[in-house]
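# Results of the structural survey
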Amino acid sequence: MSAPTVTPPMMQGPPPPPQTGNELTSQQWSMTVTPVVAAVTTLCASLALAGVIDGLRWWGYAGVAVTVVTAVGLGLRALRTPILVVGLAQMFALLCLLVALFTDSGVLGLFPGPTALGDLGDVLRTSIEVVRTGVPPVDPTPAVLCLVVIAIGLVAVLVDTLAVSAGTPAACGLVLLCVYAVPASLADEMLPWWAFVLGAISFAALLAVDGAHRHQQWRNRPVVQGTSGGVGSPAALVSGAVAIALFAGATVTFIGTVGQLPGGQGGGGQGGLGLNPFTQLRGMLDQDDNVELFRVRGLGDDGHYLRALTLADFDANGGWRGADELPRGVPVDGALPVPDGQESFGPSADTVDISIESVNSKDKWAPVFGNPRRMRDLPGDIRYDPSGGMLFSPDEQTLPVYVEEADLSQPTAQQLRDALPANASDVDPRYLRNDNIRPRVRQLARDLVRGRGSTFDKVRAIKDYFDTSNGFTYDTQTSAGSDEEALTDFLFRSKAGFCEQYASSMAILLRAVDIPARVAMGYTAGFQSGGYRSITTQNAHAWVEVFFPKLGWVMFDPTPLTDGTTYTPPYITDSGVAGPEDDPEQTSRNSQAPSTSAGPEKNKEDQQQTNAGAGGDGSPQDGAPSWTWLTVLALAAVSIAATALAATGRRRRLTVPVAAAGWALTLVFAAGIVSFWLAALAVVLLVAGAPGLVRERQRLRRRYEVHRNSPNAATSAWAEVLAESTDRGAEVNDTETVRVAARRLATEHELDDEGKQALRTVVGEVERSWYGGSTEPDPRLGAAFDTLMRGLRRTDPLGWKEKLLPRSILRRRR
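Counting restarts for each chain, with residues numbered from 1 along the sequence as it is written. It should be noted that, the model being predicted, local features are given only for residues of pLDDT at least 70 and side-chain atom pairs only at 80 or more, the latter also being counted only at that level, while totals for whole chains, interfaces and linings use all residues. Excluding hydrogens and water, the side-chain values take into account all heavy atoms of the structure.

## Regarding the sheet that holds strand 15 (residues 517-523)
- At least two DSSP bridges between two strands are needed for those strands to be called paired. Helical segments are the DSSP runs of H or I of at least four residues, strand segments are the runs of E of at least two, and each set is numbered from the N terminus. The five strands are arranged 8-2-15-18-19 in an open sheet whose pairing can be described as antiparallel. The outermost strands of the open sheet, each flanked by one partner alone, are strand 8 (368-369) and strand 19 (552-556).
- Pairing analysis gives five bridges linking strand 2 (residues 306-311) to strand 15, with the strands arranged antiparallel. Looking at strand 15, one finds that Arg307 is bridged to Gly522.
- Seen against the sheet, helix 15 (residues 499-512) touches strand 15, strand 18 (540-548) and strand 19 and runs at an angle of roughly 15° to strand 18. Contacts: residue pairs with any heavy atoms within 4.5 Å of one another. An axis is simply a line fitted to the C-alpha atoms; with a helix, the fit covers only the stretch in contact. Between two such axes, the angle follows the N-to-C directions and lies from 0 to 180 degrees.

## Thoughts on the environment of Gly453
- With respect to the helices and strands, Gly453 occurs in the loop between helix 12 (439-449) and helix 13 (455-464).
- For Gly453, a relative accessible area of 67% corresponds to the exposed category.
- Between the C-alpha atoms of Gly453 and Arg417, which are 36 residues apart in sequence, the distance is 8.7 Å. Residue exposure (1.4 Å probe, protein chains only): buried if accessible area is under 20% of the type maximum, exposed if over 50%, otherwise partly exposed.

## Structural notes on the sheet that holds strand 16 (residues 527-529)
- Overall, antiparallel pairing links the six strands, which are arranged 9-12-6-1-17-16 in an open sheet. A strand with exactly one partner marks an edge of an open sheet, and here the two such strands are strand 9 (371-376) and strand 16. Taking the axes of each pair of neighbouring strands and ignoring which way they run, one obtains an average angle of 35° across the sheet.
- Across four bridges, strand 1 (residues 292-297) lies against strand 17 (residues 532-536) in antiparallel orientation. Its bridge partner lying in strand 17, Arg295 is registered against Ser534.

## Some details on the packing of helix 22 (residues 713-727) against helix 24 (residues 753-771)
- Across the interface, helix 22 lies against helix 24 with an axial gap of 9 Å and an inter-helix angle of 135°. Between helix 22 and helix 24, the angle falls in the class oblique. Both helix 22 and helix 24 take part in a crossing whose hand is left-handed. Along its contact with helix 22, which presents Ala714, Thr715, Ala717 and Trp718, the element helix 24 presents Val762, Val763, Glu765, Val766, Ser769 and Trp770.
- In terms of residue class, the contact of helix 22 with helix 24 is built from seven nonpolar, two polar and one charged. Comment on the angle field: the value is read as roughly parallel under 35 degrees, roughly antiparallel over 145, roughly perpendicular from 65 to 115, and oblique elsewhere. By the definition used in this description, the sense in which the near helix is turned from the far one sets the handedness, with an anticlockwise turn below a right angle giving left-handed and a clockwise turn giving right-handed. For this classification, Asp, Glu, Lys and Arg are treated as charged, while Ala, Val, Leu, Ile, Met, Phe, Trp, Tyr, Cys and Pro are nonpolar and the rest, including Gly, are polar.

## Concerning the environment of Tyr523
- Within the secondary structure layout, Tyr523 lies in strand 15.
- Judged by its relative accessible area of 7%, Tyr523 is buried.
- As a C-alpha pair, Tyr523 and Tyr305 span 218 residues in sequence and 5.9 Å in three-dimensional space.

## What about the confidence of the model for the protein chain?
- Of all residues in the protein chain, 69% attain a pLDDT of 70 or more, and the chain-wide mean is 74.
- Predicted confidence for residues 1-24 stays below pLDDT 50, and this span has 42 contacts to residues more than four positions away or in other chains.
- Contacts for the low-pLDDT stretch residues 215-235, under 50 throughout, to residues beyond four places or in other chains number 16 contacts. The quantity called pLDDT is the predictor's confidence in a given residue, expressed from 0 to 100.

## Things to note about the nonpolar core
- Formed by 55 residues in total, the largest nonpolar core has its most connected members in Ile462, Phe466, Leu509, Leu510, Phe548, Phe556 and Tyr571.
- Counting residues per element, this core draws most heavily on helix 15, at nine residues.
- Setting aside anything within four residues of it in sequence, one finds Ile462 in contact with Leu448, Val449, Met506, Leu509, Leu510 and Val513.
- To define a nonpolar core, start from buried Ala, Val, Leu, Ile, Met, Phe, Trp, Tyr and Cys residues and group those joined through side-chain atoms within 4.5 Å. One finds Ala50, Ile53, Leu98 and Phe102 within the second-largest nonpolar core, a separate group that totals 36 residues.

## Notes on the pairing of strand 12 (residues 402-407)
- In terms of burial, strand 12 is largely enclosed, as six of its six residues are buried.
- Two elements, strand 6 (residues 351-358) and strand 12, share six bridges in a ladder whose sense is antiparallel. Bridging from a neighbouring strand, Ile354 pairs with Glu404 of strand 12.
- Of the pairings in the sheet, the one linking strand 9 to strand 12 comprises five bridges and is antiparallel in character. Bridging across to strand 12, Asn371 finds its partner in Asp407.

## Examining helix 5 (residues 142-165)
- Here a helix's expected span is defined as the number of its residues, less one, multiplied by 1.5 Å. Over its 24 residues, helix 5 runs 33 Å from end to end, which matches the ideal 34 Å to within 8%, given 1.5 Å per residue.
- The element helix 5 is largely enclosed, with a buried count of 17 among its 24 residues.
- Two residues or fewer after helix 5 comes Gly167, characterised by a positive phi angle close to 65°.

## Observations concerning helix 13
- Most of helix 13 is tucked away: eight of the ten residues are buried.
- Those residues of helix 13 that fall on the buried side of the exposure criterion are Thr455, Phe456, Asp457, Val459, Arg460, Ala461, Ile462 and Lys463.
- Tucked inside the fold, the buried residues of helix 13 contact helix 11 (413-418), helix 12, helix 15, strand 18, strand 19 and helix 16 (570-573).

## Considering the environment of Glu696
- Inspection of the secondary structure assignment puts Glu696 in helix 21 (residues 676-707).
- Glu696 gets classed as partly exposed once you look at its relative accessible area, which sits at 34%.

## Some points on the packing of aromatic side chains
- Only rings of Phe, Tyr and Trp enter the pairing, Trp through its six-membered ring, and a pair is recorded when the two centres are within 6.5 Å. The plane angle decides the type: under 30 degrees is stacked, over 60 is edge-to-face, the rest tilted. Applying the stated criterion to the full structure yields 19 aromatic pairs.
- Taking 5.3 Å as the distance between ring centres and 20° as the angle between the ring planes, the aromatic pair formed by Tyr180 and Phe196 counts as stacked. Residue Tyr180 is located in helix 6 (residues 172-186), and its partner Phe196 is located in helix 7 (residues 193-214); the two are separated by 16 residues in the primary sequence. Like Tyr180, the residue Phe196 is buried in the burial classification.
- Pairwise contacts between aromatic rings join Tyr465, Phe466, Phe472, Phe490 and Tyr502 into one cluster.
- Over the face of the ring belonging to Phe492 we find Arg440, whose NZ or CZ atom lies 3.9 Å from the ring centre.
- Taking the ring centre of Trp553 as reference, the NZ or CZ of Arg518 above it sits at 4.0 Å. Charge-over-ring placement is defined geometrically: NZ (Lys) or CZ (Arg) within 6 Å of the ring centre, and within 35 degrees of the ring normal.

## Quick notes on unusual backbone geometry
- The phi torsion at Asp377 lies on the positive side, around 70°, for a residue other than glycine.
- Considering the arrangement of structural elements, one finds Asp377 in the loop between strand 9 and strand 10 (383-385).

## Re the packing of helix 12 against helix 15
- Contact geometry of helix 12 with helix 15 gives a least axis separation of 8 Å together with a crossing angle of 80°. Relative to helix 15, helix 12 is oriented roughly perpendicular. Where helix 12 approaches helix 15, its residues Val441, Arg442, Leu444, Ala445 and Leu448 are matched on the opposing element by Ile508, Leu509 and Ala512.
- Considering only residue class, the contact of helix 12 with helix 15 consists of seven nonpolar, no polar and one charged.

## Description of a positive patch on the surface
- Distance thresholds for patches are 9 Å for like charges and 5 Å for nonpolar side chains (Val, Leu, Ile, Met, Phe, Trp, Tyr), applied to residues having over 30% relative accessible area and no salt bridge. Areas reported here follow the Shrake-Rupley algorithm with a probe of radius 1.4 Å; residue values treat only the protein chains shown as occluding. We define a salt bridge as a contact between a side-chain nitrogen of Lys or Arg and a carboxyl oxygen of Asp or Glu at a distance within 4 Å. Counted as positive: Lys and Arg. Counted as negative: Asp and Glu. His and the chain ends are not counted at all. Where a charge lies is defined by one atom per residue type, namely NZ (Lys), CZ (Arg), CG (Asp) and CD (Glu). A surface patch of like charges, here positive, comprises Arg80, Arg790, Arg793 and Lys803.
- Summarising the element assignment, Lys803 is placed in helix 26 (residues 800-804).
- For Lys803, a relative accessible area of 41% puts it in the partly exposed group.

In structure tokens, the structure reads:
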């Protein structure tokens, strides 16, 4: 039998220009490189959430979501699935991931069923409540992690669709901008600078990858002698734009919610309260972790409350709020004035020096006990408002250890009964404003005080309405809110709430009967811990202060706390009227550390961990050590740089392996932060996919050699032909000649005419290179090689098993 003719047919016209081989075909590029870089871009942009979620454990969950979405897209596009089906399949895969991570009732543990969807709905409702009431940075609870997976997963689907399916990666910038805008609008502090830097670099890499194959012809155009070839590559343009933007952000523009990027002078806000302060209070009480905020020395066993601020204005639609702007106040560098409406400070015997150490607190307010007479060691911008009883600064800051000379004197029950009713000439009229109270609430207040003679007795009657014997219960899991609708429901129907509802409702009832009242916010006295009292987030509290002419503002607490930290003033116990606070053992309990440190019950082991973690170093109590996150960030940065260099064709022999290894290690470390088993699964998947990845790398390298027209182009082309044949189960014997092997391969793989013609061209070039002494490859070799590879895939496609476990790699390694 004669061998096939290897003489190539005559071609009309000049041969096509040789390909450089620096890129994959447009289709291959869009199916492999672009989706991976788009996933990396999404993951880097998600780091903006570090400004509103504590720690970085949540980033591992985001990485899992992005990986699932990208993997589904890669697989379905390889099967030439329609674009719409790809997007729907990615969202279904995301739903399966949510079921697997956040429920225990999925079908086979993975697929959504009615029970699993119901459980997932419960988690989402909790997530919404966290968004409504949480104070950034929130803890990475399951509800928060669920929200992260949903949000970043959907962003990944959208970015993947725009960058790959639609071929418009530049449009992804709008989507990624929203990822930054949401946490920037919620965080009180500047978002981490590295979140901007990594996001900008990864987005630049995405644009560079897209431009690397779109503008190949533009880059290879003839250059006029004496010029440098134009303005440069798209990657250079993007890099320059990013550099300019970062420089402008650090020196000129205002970014985020606080001011400029690190290094700028910043702007800050106006100093008003902004959000409803009860949002912050609710967020503290809802935290799973108990974070230490203050350490107090000098208070002794006295359980006085630590006041931070007071709220004077009630809005029927928004509840109790502070003023839109901070008051002018007076400096705190000397003796402080007597509070407005009070004749004088108490006797010097009731004045004590109290040291207050801020541990993990950063705020505008400098909390104080009782009435401050002098303050020491506070920053110079702190001012005192005698009307509101508040010490404040224009901006949030972490205060140094400061000392308050506090007047802890209190009136007696008889003095309060003898006090005359207050009117607008005695107190600021805003404390008497009651024009937006519902008639039903007014009638309740009048009924409660009917027959009471003095203001003090009226206050006690209203306070006693909230007694547990009247059906009221303390519950932090109730819906948040202190507007008129929420308070009406609390007073007449649910009777379940926490200090927000109790203090707000009592103050409204007092104003309904023309008694000046305001809501105070701060902390209970915490518990004794060695030589100091420890005040934590679980001690956040709100109570009522009532104005009595000449005596000033007097505190009343209607909330039936269950943690033993309620303070019972002497004028309550001496008044002869019982209330929810009147426990003869209360004072002794105040000086002991409660077994649960306030809030939801915890077992002994959890409590020990909480106390151990309240050391004041501010370190995150995440499961992952900081070095793990630094490793992940470093690996991600190296991988991004290597991917960008590989996309431009520079040092591909080095950058491609580095990028592959970097992303593999990044995936393993990020998965390990979420779960050991997830990391083990990632290792198993990487090991299982390693032969296929090595084979793909080998395929790209050989194709690069062919299209580069290197001296060994023919050898690389023939080696790839043999490897492709081996992967399909048809191995070539070492004793066979090139022509004999080619004849058998054409038969084994049932090549069509186009494929056979391309095989003849490749065989002819191999023989000419090996036996003819030719050192200049035929410029038609690259096109013939690509045609032959397409013919093999068309007539004898590889299955999934052959792709994952290629014979040419496994048998060569044995």
